[in-house]
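Chain residues, written in single-letter form:
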Amino acid sequence: MKKAKLVIIGSGPAGYTAAIYAARANLEPIVYEGFFSGPAGGQLMTTTEVDNYPGFPEGITGPELMLHFRKQAIRFGAVMLQEDVKEVSLAAHPYKVEGAKNSYMAESIIIATGATANRLPIPGTSDGEFWQRGVTSCAVCDGAMPIFRNKDLYVIGGGDSAVEEATFLTKFAKKVYLVHRRDKLRASKIMQQRALTHPKLEVIWDTEIIKVSGEAVVSQVTLKNVKTQEEFVRDAGGVFFAVGHTPNTEFLKGQLELHDNGYLKVIPGTSKTSIDLVYAAGDVQDHVYRQAITAAGTGCMAAIEAERELSARGITE
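Predicted, not measured: the structure shown is a model, and the values here were computed from it.

1. Things to note about the overall build of the protein chain
And then number 1: Looking only at helices and strands, one finds six helices and 19 strands in the protein chain.
And then number 2: Compactness check: the protein chain gives a C-alpha radius of gyration of 21 Å against a globular reference of 20 Å for 317 residues, within 12% of the reference.
And then number 3: Seen along its three principal axes, the alpha-carbon backbone of the protein chain occupies a region of about 65 × 40 × 30 Å.
And then number 4: Buried residues in the protein chain amount to 50% of all 317 residues.
And then number 5: The positive charge centre, built from 34 side chains, and the negative charge centre, built from 36, are 1 Å apart in the protein chain.

See the structure below:
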């Protein structure tokens, strides 16, 4: 079996940034970019305009940004594998990483597999319909885009994240409607108070969105009261899912410590997981910020920490 100083599992801002730093440190990183598990480049590959990544004052598309990251990593010698990791064995060091085609014994591993935004099976919201054409799952990422400004926007959810996303959108929207299928929010009391007292935010109780429609972009939503079964149509400029994320950790089969919400645990202030020389970067360990810039930052941290630990053990040569 082939040997590697560092294997990076996952692409996107975290994986590619880790690859850039690791390659520059002569760690000759092997990067499993993914294939069937999702597009190389992560969630940004399904994002249109990215306006909040520093260095691009006119904005840049998600796929174009990830292409820049990838090219930079390759320039310094990172090896890209367009395949999924089937299994990782962390029982003994060096660690075994088994891919769909290539397998390695790795001195160190960086896990950067990200998280998948949860969506509901609502007609009109899928890929190929209005996803990223008025339907999204990140208010902070997309809310300031011109398509959403001065429009009626709808947020689906009832927890703290939903209230936070809805409140953020009030800066740009004509009005924000928080659609919740129950008669009370799951959010904390302080977040509930924020939602119920905001002049530009209205909660639509006992209701769910059953259809999103439009032409080129979203223009209407069909809502249904779950108690009365009454359906009604409203104008809408956008729909935001705020029903959580699922970190992509299933392939690890419980070998690393997780938080109660399923995200990988790291030692605070580091990217170190519960096993030596195994690091986690990006959204797979970040359930708070979930931004491209923070993912890239933790990718940098993971690569630097890996290089320092390998060097201390005399493994970098």
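2. Considerations on the pairing of strand E12 (residues 175-179)
And then number 1: Along E12, four of the five residues are buried, which leaves the element largely enclosed by surrounding structure.
And then number 2: As judged from the five bridges shared by strand E11 (residues 152-156) and E12, these two strands associate in the parallel manner. Each residue of the ladder has a partner; that of Val 155, found in E12, is Leu 178.
And then number 3: When E12 meets strand E13 (residues 201-204), the two strands line up parallel, connected through four bridges. By the bridge assignment for E13, Tyr 177 is matched with Glu 202.
And then number 4: Crossover handedness for the path E12 to helix H5 (residues 189-197) to E13: right-handed.

3. Things to note about the packing of aromatic side chains
And then number 1: Evaluation of the coordinates by the stated rule reveals five aromatic pairs.
And then number 2: Each ring, one from Tyr 53 and one from Phe 69, has its centre 5.8 Å from the other, and the planes form 70°; the classification is edge-to-face. Linking Tyr 53 in the loop between strand E3 (49-50) and strand E4 (60-61) with Phe 69 in helix H2 (residues 62-75), this pair joins segments that are 16 residues apart in sequence.
And then number 3: Relative accessible area serves as the criterion here: at 8%, Phe 69 is assigned to the buried category.
And then number 4: Taken together, Tyr 53, Phe 56 and Phe 69 form an aromatic cluster joined through their ring pairs.
And then number 5: The ring centre of Trp 131 lies 3.6 Å from the NZ or CZ of Arg 119, which sits over that ring.

4. Examining the sheet that holds E11
Within a sheet, neighbouring strands are paired by backbone hydrogen bonds and run either parallel or antiparallel to one another.
And then number 1: Strands sit in the order E10-E17-E11-E12-E13 across an open sheet of five strands; the sheet is parallel. For this open sheet the edge positions go to strand E10 (135-136) and E13, each flanked by a neighbour on one side alone.
And then number 2: Contacting E11, E12, E13 and strand E17 (238-241), helix H4 (residues 160-169) crosses the sheet at an angle of about 165° to E12.

5. Focus: the side chain of Ser 271
And then number 1: Residue position: Ser 271 is located in the loop between strand E18 (245-247) and strand E19 (278-280).
And then number 2: In this structure the side chain of Ser 271 is engaged in a polar contact, spanning 2.4 Å, whose partner is the side chain of Glu 305.

6. Quick look at the state of the cysteines
And then number 1: According to the stated counting rule, one finds one disulfide in the structure shown.
And then number 2: A sulfur-sulfur distance of 2.1 Å marks the disulfide that ties Cys 138 to Cys 141. On the sign convention where negative is left-handed, the bridge of Cys 138 and Cys 141, at about 70° about the S-S bond, is right-handed.
And then number 3: Cys 138 sits in the buried class, given a relative accessible area of 14%.

7. Some details on the sheet that holds strand E15 (residues 218-225)
And then number 1: The strand order across the open sheet built from three strands is E14-E15-E16, with neighbouring strands paired in antiparallel fashion. In this open sheet, the two edge strands, each paired with only one partner strand, are strand E14 (207-214) and strand E16 (231-235). This sheet shows a mean twist of 25° between the axes of neighbouring strands, independent of strand direction.
And then number 2: As paired elements, E15 and E16 share five bridges and run antiparallel to each other. Bridge pairing in E16 links Lys 224 to Glu 231.

Criteria and cut-off values
Residues numbered from 1 in each chain as written. Predicted model: local features only at pLDDT ≥ 70, side-chain atom pairs only at ≥ 80, totals over all residues. Heavy atoms only, no water. Helix = DSSP H or I, 4+ residues; strand = E, 2+ residues; numbered from the N terminus. Rg over C-alpha atoms; globule rule 2.2 N^0.38 Å. Buried < 20%, exposed > 50% of the residue type's maximum accessible area, 1.4 Å probe, protein only. Lys, Arg positive; Asp, Glu negative; His and termini not counted. Charge placed at Lys NZ, Arg CZ, Asp CG, Glu CD. Pairing = 2+ DSSP bridges. Right-handed = clockwise from strand over helix to strand, strands pointing away. Phe/Tyr/Trp six-rings, centres within 6.5 Å; stacked < 30°, edge-to-face > 60°. Lys NZ or Arg CZ within 6 Å of the ring centre and 35° of its normal. Contact = heavy atoms within 4.5 Å. Axes fitted to C-alpha atoms, helices over the stretch in contact; angles between N-to-C directions. Polar contact = N/O pair within 3.5 Å; in protein donor to acceptor, adjacent residues only side chain to side chain. Disulfide = S-S within 2.5 Å.

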